[in-house]
Amino acid sequence: MRGFWSGYFAARAAPLGRVGAGPVTAAFFNFHPAMVARAVPACWDAVTPETLCRVRAVAAAEALGELCRVEARSAVLASLPPLRRAVTACDEAGRIMAGANRALWPRISTALGTGGLGEVWQACTTLREHRGDGHVAALVAHGVSGLEAHVLAAGTKAIPVELLRDNRGWSAAEWDDTMTALTRRGLLHADGRVTDAGRTLPGKVEELTDELAEPAYAGLSDPALEELHGVLAVCALDVAASGVVPFPNPMGLPRPPGRYAGRGGGHPGRSASSLHSLRDETI
C-alpha cells in the first residue's frame, strides 16, 4: 500500500472484512467520501483484511515496546484483567466498529499469544471504537455532520483549519459552505468565530458521548477505574514524549499533562473526567 492514508483506512477498516468505501465512510463519519474511495476497496488487493488485523496488532505491540519504559509496560500488562472486563461489557448494539473489534481478538490471539502488548492495544482499540461509535451517534442526534464537527472543533479548540480540513479530504469551498450553514444555525459568527451556542453544542455532544460510553466501565469500581486510568496515562506520556504523535494533530488529541492527579472518584464525575481521559489515552 502506498501512502499513509491507504494504510490508515485499510488498517482501521480491516476488522470489518473486505468492505467497500461506503461502509467505511459511514463508520468513520468525518472523511470526505472521495478520500476514502481512493484507498478502499483497492487496499484489499495488496493485503487481506485477516492478515492486516494480525499485522496491525504486532506493529502496535512493537511500537509500545519501543516507546514505553519497562515499568510502564509492566503496569499496562498487569491492567489486562480490567481491560478485558471493560471490553466484554461493551454494548455492541448500533456500534459497528466496536462490534467488529471485540470479535477480532479470539481470531488473532492464536498467532500473537495472550497477555501481551498486542492484546492490550486491541482492548484499548475496541474501547476507543466503542466510544467513537457512540460519539458518531451523539453527533447525528444533535444534527452535526462530520465536516460540521471539524469546523466547530477548529473554532473551539484552536486547531488549525488546514490540519483538519486537508487531513479529512475536504476542499476549501466545502469548508466555507459549511461555515455559512453553521452561521445560519447561530453556531458561528459571520467572521468564523464560534458563538455561545457553538461552544455549548460540542459540550452537549461530549456529555452524551460520555453517557453512552459508561456501560463499558460500569463493572469496574471507582478505585479500579482510577488505577486503570493512571496506568494508561503513564504509557500516554511516554508515547507523547517520543514525538511520534504531533501536537496539534488531525485527531484533535491534546497533549497529555505532565502529571495525573486523581480524577473522578464517583459517578457521575467518573463519567465526566476519568472516562473522558480514557478516551484520550486509548486513541
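It should be emphasised that the depicted structure is a prediction, and the values quoted were computed from it without experimental measurement. (Residues numbered from 1 in each chain as written. Predicted model: local features only at pLDDT ≥ 70, side-chain atom pairs only at ≥ 80, totals over all residues. Heavy atoms only, no water.)

Participant: Hey, could you run me through the overall build of the protein chain in this one?
Facilitator: What the protein chain contains, in helices and strands, is 15 helices and zero strands. Principal axes of the C-alpha set define a box for the protein chain whose edges measure 55 × 50 × 35 Å. Looking at the protein chain as a whole, 46% of its 283 residues qualify as buried. Nonlocal contacts in the protein chain, meaning residues at least 24 apart in sequence, comprise 74% of its contacts between residues at least 6 apart. Only carbon and sulfur atoms are counted for the fraction: they give 58% of the accessible area of the protein chain, which is about 13,100 Å². Considering the protein chain, the positive charge centre built from 28 side chains and the negative charge centre built from 29 side chains are found 2 Å apart. (Helix = DSSP H or I, 4+ residues; strand = E, 2+ residues; numbered from the N terminus. Buried < 20%, exposed > 50% of the residue type's maximum accessible area, 1.4 Å probe, protein only. Contact = heavy atoms within 4.5 Å. Areas by Shrake-Rupley, 256 points an atom, 1.4 Å probe, with all protein chains shown as cover. Lys, Arg positive; Asp, Glu negative; His and termini not counted. Charge placed at Lys NZ, Arg CZ, Asp CG, Glu CD.)

Participant: When you look at unusual backbone geometry in this model, what are you seeing that I'm missing?
Facilitator: In terms of backbone geometry, most residues other than glycine have negative phi values and most peptide bonds are trans. Here the amide bond leading from Val40 into Pro41 is cis, since omega sits at 10°, within 30 degrees of zero. Its place among the elements puts Pro41 in the loop between α3 (33–37) and α4 (49–67). Looking along the chain, the bond that leaves Phe247 and enters Pro248 is cis, with omega of 0°. Counting through the fold element by element, Pro248 comes out in the loop between α14 (222–242) and α15 (269–282). The phi torsion at Phe29 lies on the positive side, around 80°, for a residue other than glycine. With respect to the helices, strands and loops of the structure, Phe29 is situated in the loop between α2 (21–28) and α3.

Participant: Whenever I open this one, the pattern of salt bridges confuses me. Can you help?
Facilitator: Side chains that differ in sign of charge can pair as their charged atoms come close. Taken as a whole and judged by the stated rule, the model has eleven salt bridges. A salt bridge links Glu129 to Arg12; its shortest N-O distance comes to 2.9 Å. Residue Glu129 is located in helix α9 (residues 117–141), and its partner Arg12 is located in helix α1 (residues 4–13); the two are separated by 117 residues in the primary sequence. What makes Glu129 buried here is its relative accessible area of 2%. Given the relative accessible area of 14%, Arg12 is considered buried. Of the charged contacts in the structure, one is a salt bridge between Arg165 and Asp166, with a shortest N-O distance of 3.0 Å. The exposure class assigned to Arg165 is buried, which follows from its relative accessible area of 16%. Residue class for Asp166 comes out partly exposed when judged on its relative accessible area of 45%. (Salt bridge = Lys/Arg side-chain N within 4 Å of Asp/Glu carboxyl O.)

Purely geometric numbers; function is a separate question.
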